[in-house]
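Chain and residue survey
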Amino acid sequence: MKKWYEDTKLDGKTEANVVIATKFLPTLWRWTKASFYKSLRGSLDRLGVNCIDLYFIHTPIHPLPLEYFIQWACDAVDDGLIKHIGISNCDADLTLRAATVAKKNGKRIACNQIMLNLLVWKSVKHQETVRTCHELGIQIVAYSPIGQGLLTDSLTEDKFAGIRAVKMTGVKLLDIHPLRAKIQAISETRDCTMAQVAINWVRGHGAVPLVGCRSVEQVEDAAKSASWDLSKEEVEELDSLS
C-alpha cells in the first residue's frame, strides 16, 4: 500500500493529486477509545502516511452510541491524525447526531457515504437523509450509483438473476423496465451510455458518485459523465420513474 501511495506522487505534490480515505468499523472488539486509536494508527502505518485526509465511521450499527466514535474522531483531528471526519450509512437522525457532536468540538462532518441511485430515490427515508445532509453542509458520497449494474446497457436476464440486490429484494426485471427505458432514451439522445446517465443523475442531486470500476474502460466511461449535466427536466423525469 505504501508503495502504491508513493507511486501516485507527481512532482512531490501529493496533496494536489491524491485524497486518502479509509474507514473505521466499530465492532464488539473495537468499542473503546484505545481500540479506536489502535485501528487508526494501524491504518496510518499501512498507508504510510502521518495523517488520513478523510476517516469514515462505518455503519450506524455500533456497540456504543455513535456519539462516542464521533468524539474520538474529533480528538484524533486535534491530535493531527485525521483531517476530516466522515460517516457512512447514517440516516437523517444519525447524521444530525454526528453533526451535533462535531460542532460541539469545533469540527464538522465532511461527508456521509450512503447508497443513492434511481432504484432507491422514492424512499422517503433516503430523501430525508439527502435533505438533512444538504441543510448541514455535509457532502453526500453515493455508492452503488448504477445499482450494481441494473441501470447499465450490459444488463442481461442472466446477469440480472445473479445480482445481489435482486436476490435480496425479489425485484423483477419488468419492474424496472420503465426506468431503464427512460435512461436508455436519454443515453441515445445524448450519445452516451446508460451508466453515464445514472451517474449523472446522482450528481444532479448534489452527490459525489462512488463508482466501482473493474476495467480501464469502465473508469473512462464513468469519467465522461462529469463532462456534461442532465437538464432539470431530465432529472425530474427520472425522479418520477425511480
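Placed above this text is the structure.
What comes next concerns the included structure.

Under the criterion given, the structure shown has nine salt bridges. Measuring nitrogen to oxygen at the nearest pair gives 2.8 Å for the salt bridge that ties arginine 97 to glutamate 67. Of the two residues, arginine 97 sits in helix α4 (residues 92-104) while glutamate 67 sits in helix α3 (residues 66-78), which places them 30 residues apart along the sequence. By relative accessible area, which is 24% here, glutamate 67 ends up partly exposed. Salt-bridge contacts for lysine 182 lead to glutamate 237; the nearest nitrogen and oxygen are separated by 3.6 Å. Here lysine 182 is found in helix α8 (residues 177-190), whereas its partner glutamate 237 is found in helix α11 (residues 232-241), with 55 residues between them in sequence. Classification of lysine 182 as partly exposed rests on a relative accessible area of 24%. Beyond isolated ion pairs, a larger network of salt bridges with shared partners links Glu67, Asp93 and Arg97.

In spatial order, the strands read β1-β2-β3-β4-β5-β6; together these six strands make up an open sheet with parallel pairing. Because the sheet does not close on itself, it has two edges, and the strands there are β1 (21-24) and β6 (207-210). Averaged over all adjacent pairs, the angle separating strand axes in this sheet is 30 degrees, with direction ignored. Where strand β5 (residues 139-143) and β6 come together, four bridges link them in parallel fashion. Along β6, the bridge assignment pairs alanine 142 with proline 209. This element, helix α2 (residues 33-47), spans β1, β2 (52-57) and β3 (82-88) of the sheet and lies at about 140 degrees to β2.

Cut-off values and rules
- Every chain is numbered on its own, with residues counted from 1 as its sequence reads.
- Whole-chain, interface and lining totals are the exception, using all residues; otherwise, since this is a predicted model, local features are given only for residues with pLDDT of at least 70 and side-chain atom pairs are given and counted only at 80 or more.
- Calculated side-chain values reflect all of the structure's heavy atoms, with hydrogen atoms and water omitted.
- Salt bridges are defined by distance alone: a side-chain nitrogen of Lys or Arg within 4 Å of a carboxyl oxygen of Asp or Glu.
- Strands here mean DSSP runs of E at least two residues long; helices mean DSSP runs of H or I at least four residues long; both are numbered from the N terminus.
- Classification of residues uses two cut-offs on accessible area relative to the type maximum, computed with a 1.4 Å probe and protein chains only: under 20% is buried, over 50% is exposed, and between them is partly exposed.
- Here, strands pair whenever DSSP counts at least two bridges between them.
- Orientation is described by axes fitted as lines to C-alpha atoms, over the contacting stretch for helices, and by angles from 0 to 180 degrees between their N-to-C directions.
- Residues count as neighbours in contact if any of their non-hydrogen atoms are within 4.5 Å of one another.

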